[in-house]
Amino acid sequence: MTKSLILEERKDFIKFGFEKTGKTAIKCESNSVSGAVSQRACVYCGARVVLNPITDAFHIVHGPIGCASYTWDIRGSLTSGSDLYRNSFSTDLTEQDIVFGGEKKLSAAIDEVVKKHNPKVIFVYATCIVGVIGDDVEAVCRHAEKEHGTRVIPVKSPGFSGNKSYGYKMACNAILELLKPHNDIPKTHGVNILGDFNLAGEMWIIKNYLNEIGIPVISTITGDACYDNIIKAPSARLNLVQCAGSMTYLAKKMEEKMNIPFIKVSFFGIEDTTQSLIRIAEAIGTEENIRKAKQFTQSQTDRLIPMLEKYKSRLEGKKAAIYVGGGFKAISLIRQFNQMGIETVVVGTQTGKPEEYEIITNLVSENAVILDDANPAELEAFMKEKDADILVGGVKERPLAYKLGIAFCDHNHERKHALAGYEGVINFTKEINQSINSPVWDYIKQKTEF
Amino acid sequence: MLTMTPKEISERSSLRINPCKTCQPVGAMYAALGVHNCMPHSHGSQGCASYHRTFLSRHFKEPAMASTSSFTEGASVFGGGSNLRTGVKNVFDIYNPDIIAIHTTCLSETIGDDLTAFIQDMDIPEGKYVVHTNTPSYVGSHINGFYNMMSGFINYMAESTGKSNGKTAIFPGFVNPGDIRELKRILKLMKVPFTMFPDQSGIMDAPMTGNYSMYPKGGTTIPEIVGLGDCEKVLALGELTSEEPANILERKCKVPYSLMQLPIGIEATDKFVMELSQITNEEIPYELEEERGQLVDIILDAHFYFHDKKVAIFGDPDTVLGLTRLVLEMGMIPKYVLTGTPGEAFVKLANNLFEQYGVSDCIAKASGDLFELHQWIKNEKVDLLLGTSYGKQIAKAEDIPFVRAGFPILDRYAHSYSPILGYKGALRMVELIAGALMDKQDRDASDEEFEIVM
């Protein structure tokens, strides 16, 4: 029954745990099929989610109002300084602008911002329509920069020009543009954290850990970042890449241009957090740092194990489905679930890479199903077929899971408590338990006998 | 936002800050979701559909299904015709709706895709429908998109057989499922045979059954939409939302319409009920009279909490006008009344209300934004803020009691189940408003002034 729901064009995007890699590797990184109810977003969305957490930047969306409306203060990135980024700025293009071009309006909008607020940096996002009507956003930005002596950086993000991953890349290019005049500043001892967006204050948790083991943090990109801090990034000796999907490109470029090597880290789950901290200490630290890292991670693990054991009896044997943006997060989640005694039976991503799918395939059991760019119908069919108890996903997946009578955990913008680090393990475990074992399931008609 | 807004107001011509509207396609999608077995289809980039679905899911806490043409660079150069053909075929094959309701986006509009021609060229399965509407995001707001999609259905499907079906068509405007249920309850009490179009109740407030259905039970059915052309008349609720589709139906099928205020508050609900009673020539049932009496009773009980209190109201035009009427009836002063949707008719209607109730120094603005509203409030504070979730930052910054009403509400539950329309809806708003004002009084009260009985 499941098979019939899957379009011919979609078959190569779906694999099972027993189909090991090689020739039968899952198809990914391609465009969605037209007519699918895709869970994916666009280039602009990718660019916006990466840059938006820069707290004291003006993010001007050049386009009709929708693109700005839908991305207004949805990121859940917390700030310790300015809250400018929580506003929504748009050129609100109207019909006349479409006919005569929007360059003048953009230019005037930048002037209005500069005059009133004297910002240090303005990002200008080019949306779908700007790509089509041919506004020379770069020229407008260049001109404004010269005139006002403030950084005005174009973000080339017309929605149709690729997919969300391409938007990440465009955001990274904008960051590189911001860093350019500072590329050659002298190196100091310390790391940059790339690809944590400070959702629910997660960046603060990670910074605390690095502080515990004695590793200085120079810049954070882009969670809780501000202009003055971000331009110091080229002085770091090492980049830590957390969200690999969005930040590997930036890390590679920074290696090339600024001579900063990088390592990939993950702070989701005990295993990944511990390994990451030790690897960071080994990569840049002294013997003392390494000792501290081992000691700290051990003490945190010792603290957590009894708590996890307490929950295990309520979670063991349950089945999980995962549908998240990137492959790296999916991998961490599978490991976390394993530790909780929960088997991952469905795992999908919007923008996973072949090498990530390879790891995923090796981590899951033979019966698990792996999907790239899954649509709700496929998710529904496989979650039912595999009898999943909980889905981990984002905002669009939540109501779908609930309607299917499946518990849910938001591991995206709308998480309300930190899921990273050791604190995150506690929160995650509690949340999974809360949702799977909520008394409300007893009242669902299907499970009740009248 | 909490700290940025300066008090001094300076002219802005090009920069929109903190919008009080969004774009057409999400309105079109919401209208299409009010049709039974219908799949909304977004003809443009994936991001649009993704954002609209997310936006609706956040407000309704329900899945909002819609497919997309998934434009890529190629489509934006060579046109979206082949994407749409593949898309429609795939949607019928895999999701099997009865209707696909296509709306355009700024992208497909600008490259000049001719949807009428595309659809004419398609092989549409027997008994199925494909309809479309043009919803360029750079014109109007989600309200325009909403009524444009209604017009799309009417253009494609409504038929006049020359024989009346004895029904009254109700165009409910851009309201919540809870409001639609309230309208239907009143219509049934008044014994008016009706077609509700569109009707998101049952779909965007579907019950939990443990089974997911892509097309839940509710929605206006195909025969009902076709039958719009045979209706006796249309009650088009919301002067700025429902006129366009009513007009189109009149031109196409000669069905006359009455353009009415959205029935929010006592007077507007009275007018709606009177209109219904003229249709059937029936007495107004005691049940409704009783509800009206209860509403008036509660407003009287609490009137000193409301009297001369200043309110700022923002959101969609007809909702804002309705809420303005309601607060005027409660003795409050709608100091600032603002919608993001363009159109000077809004300002005129609001000014008429100020005049009718004899209030002065009130400001109404269309095509405004919340940054400006915040500046107004900084210059002269109000006692209550009434609008969508986007008001919460202003409310917090200025310490103003805040009541949520309208679209979108992203930070509360069950709001879309409860009406603001009709006497029952007004009673709910009165309770929310009184509660917000009294909560603040309690919170700010010194120990000596703090009382159990208020």
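Residues numbered from 1 in each chain as written. Chains lettered and ligands numbered in written order. Predicted model: local features only at pLDDT ≥ 70, side-chain atom pairs only at ≥ 80, totals over all residues. Heavy atoms only, no water.

A. Looking closely at the overall build of chain A. A count of helices and strands for chain A gives 17 helices and 14 strands. Rg of the C-alpha trace for chain A: 23 Å, near the compact-globule value of 22 Å for 450 residues, within the 12% margin. Its C-alpha atoms give chain A principal-axis dimensions of about 70 × 60 × 45 Å. Here chain A, with 450 residues, has 62% of them falling under the buried criterion. (Helix = DSSP H or I, 4+ residues; strand = E, 2+ residues; numbered from the N terminus. Rg over C-alpha atoms; globule rule 2.2 N^0.38 Å. Buried < 20%, exposed > 50% of the residue type's maximum accessible area, 1.4 Å probe, protein only.)

B. How the structure looks around unusual backbone geometry. Omega for the bond connecting Ile221(A) with Thr222(A) falls within 30 degrees of zero, at 5°, which places this linkage in the cis form. Relative to the elements of secondary structure, Thr222(A) occurs in strand E7 (residues 217-222). Of note, the bond from Phe407(B) into Pro408(B) is cis; its omega dihedral lies within 30 degrees of zero at 0°. Secondary-structure assignment places Pro408(B) in the loop between strand E14 (402-404) and helix H18 (422-444). Unlike most non-glycine residues, Asn96(B) shows phi in positive territory, near 45°.

C. How the structure looks around the confidence of the model for chain A. Considering every residue of chain A, the mean pLDDT works out to 91; 96% of them sit at 70 or more. Model confidence for chain A, summarised as mean pLDDT per element, is weakest for strand E1 (residues 14-16) of chain A at 82 and strongest for strand E8 (residues 238-241) of chain A at 98. (pLDDT = per-residue confidence, 0-100.)

D. Geometry of the pairing of E8(A). Residue and element names in this part refer to chain A. Residue alternation in E8 divides its side chains into two sets, Leu238 and Leu240 and Asn239 and Val241, and both sets are buried. Two elements, strand E6 (residues 191-196) and E8, share four bridges in a ladder whose sense is parallel. In the strand pairing of E8, Val191 is matched with Leu238. In terms of handedness, the path from E8 via helix H10 (residues 244-258) over to strand E9 (residues 262-264) forms a crossover that is right-handed. (Pairing = 2+ DSSP bridges. Right-handed = clockwise from strand over helix to strand, strands pointing away.)

E. Quick look at the interface of chain A and chain B. At the interface, 71 residues of chain A touch 69 residues of chain B. In this assembly, chain A packs against chain B so that about 6,100 Å² is buried in total across both faces, 60% of it on carbon and sulfur atoms. The largest contributions to the chain A side of the interface with chain B come from Tyr70(A), Trp72(A) and Lys403(A), which together make up 15% of the buried area. With a closest N to O distance of 2.8 Å, Lys403(A) and Glu62(B) form a salt bridge. Where chain A packs against chain B, one counts 22 residue pairs in polar contact (both at pLDDT 80 or more). In terms of residue count, helix H4 (residues 103-117) of chain A provides more of the side of chain A that touches chain B than any other element does, seven residues in total. For the side of chain A that touches chain B, the per-class residue count stands at 36 nonpolar, 20 polar and 15 charged. (Contact = heavy atoms within 4.5 Å. Buried area = accessible area lost by both parts, 1.4 Å probe. Salt bridge = Lys/Arg side-chain N within 4 Å of Asp/Glu carboxyl O. Polar contact = N/O pair within 3.5 Å; in protein donor to acceptor, adjacent residues only side chain to side chain. Nonpolar A, V, L, I, M, F, W, Y, C, P; charged D, E, K, R; others polar.)

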